[in-house]
Amino acid sequence: MKISAMLKALANGVNPETGEVLGAKSTANKPEAIRALFALAKELSVSPEKQKKPRLTPEERQQRNLAEGRPAKSHFPWAEEEKLILAERFEQTGAIETLGDEFERSPRAVAIQLEKMRLITAEQLLAYT
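Residues numbered from 1 in each chain as written. Predicted model: local features only at pLDDT ≥ 70, side-chain atom pairs only at ≥ 80, totals over all residues. Heavy atoms only, no water.

Colleague: Would you mind going over the overall build of the protein with me for this structure?
Modeller: Scanning the protein for helices and strands turns up seven helices and zero strands. Reading the helices (α) and strands (β) of the protein from amino to carboxyl end gives α-α-α-α-α-α-α. In terms of C-alpha radius of gyration, the protein reaches 27 Å, well past the compact-globule figure of 14 Å for 129 residues. The burial tally for the protein puts 22% of its 129 residues in the buried class. Across the protein, the fraction of contacts at a sequence separation of at least 24, relative to all contacts at a separation of at least 6, is 40%. About 9,500 Å² of surface is accessible on the protein, with carbon and sulfur atoms providing 55% of the total. Averaged over its 20 positive side-chain charges, the protein has a centre that lies 10 Å from the centre of its 19 negative ones. (Helix = DSSP H or I, 4+ residues; strand = E, 2+ residues; numbered from the N terminus. Rg over C-alpha atoms; globule rule 2.2 N^0.38 Å. Buried < 20%, exposed > 50% of the residue type's maximum accessible area, 1.4 Å probe, protein only. Contact = heavy atoms within 4.5 Å. Areas by Shrake-Rupley, 256 points an atom, 1.4 Å probe, with all protein chains shown as cover. Lys, Arg positive; Asp, Glu negative; His and termini not counted. Charge placed at Lys NZ, Arg CZ, Asp CG, Glu CD.)

Shown next as structure tokens:
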């Protein structure tokens, strides 16, 4: 019998080896134990391919973005320093596409940030959606 099946049997109040119903005073019949047994059974029954993938470093995420045809900083948060530089560069150039290349983000991401900073209007943002 698999470990996850044994844990489920215990959580259901059944001795996995004999099939006998566990007594009311059994530790396995306490609500906390039942929850823990079901959680363990669920965790152990997840196939390896469905288990959480290890977290990538920021550099690895950037490389994956590039490999998948996205800008390097796609889905990265904007740092406060980046926002200040973005505002300054936007005032100088006004060219959102150029800023996208400069900040390694899509023109749409740049436009969204500029709209959040109230440097462009929602109507101007629509041109990039």
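So much for the structure itself; the text now carries on.
Colleague: Which parts of the structure should I look at to understand helix H4 (residues 80-93)?
Modeller: Side chains that are three or four residues apart share a direction in an α-helix, a result of its 3.6 residues per turn. For H4, which comprises 14 residues, the first-to-last C-alpha distance of 20 Å matches the rise-based estimate of 20 Å (1.5 Å per residue) to within 8%. Of the positions making up H4, those classed as buried are Glu-82, Leu-86, Ala-87 and Phe-90. An end-on view of H4 places all buried positions within 140° of arc, on one side of the element. In H4, those exposed residues whose orientation departs by more than 90 degrees from the buried face are Glu-80, Glu-81, Leu-84, Glu-91 and Gln-92. (Expected span 1.5 Å × (residues − 1). Arc of directions from axis to C-beta.)

Colleague: It is not clear to me how the side chain of Arg-105 should be interpreted in this structure. Could you clarify?
Modeller: Mapped onto the elements of the fold, Arg-105 is located in the loop between helix H5 (96-102) and helix H6 (107-116). One polar contact links the side chain of Arg-105 to the main-chain carbonyl oxygen of Lys-73, over a distance of 3.3 Å. Aside from chain neighbours lying at most four places away, what touches Arg-105 is Pro-71, Lys-73, Phe-76, Pro-77, Trp-78, Glu-82, Gly-100 and Val-110. (Polar contact = N/O pair within 3.5 Å; in protein donor to acceptor, adjacent residues only side chain to side chain.)

Colleague: I keep staring at the pattern of salt bridges and nothing clicks. Help me out?
Modeller: Opposite charge on two side chains makes pairing possible when the charged atoms of those side chains draw close. A complete count under the given rule lists five salt bridges for this structure. Here Glu-102 ties to Arg-89 by a salt bridge, and the two come within 2.8 Å at their closest N and O atoms. Note that Glu-102 is positioned in helix H5 and Arg-89 in helix H4, a separation of 13 residues in sequence. Looking at Glu-102, the relative accessible area reads 37%, which means it is partly exposed. (Salt bridge = Lys/Arg side-chain N within 4 Å of Asp/Glu carboxyl O.)

Colleague: Where do I start with the environment of Leu-37 in this structure?
Modeller: Locating Leu-37 in the fold gives a position in helix H2 (residues 31-45). The class for Leu-37 is buried, based on a relative accessible area of 13%. In this structure, the C-alpha to C-alpha distance between Leu-37 and Lys-2, residues 35 residues apart in sequence, is 14 Å. Once residues within four sequence positions are removed from consideration, Leu-37 is found in contact with Leu-7, Leu-10, Ala-11 and Ala-28.

Any functional reading would require information beyond the geometric quantities listed.
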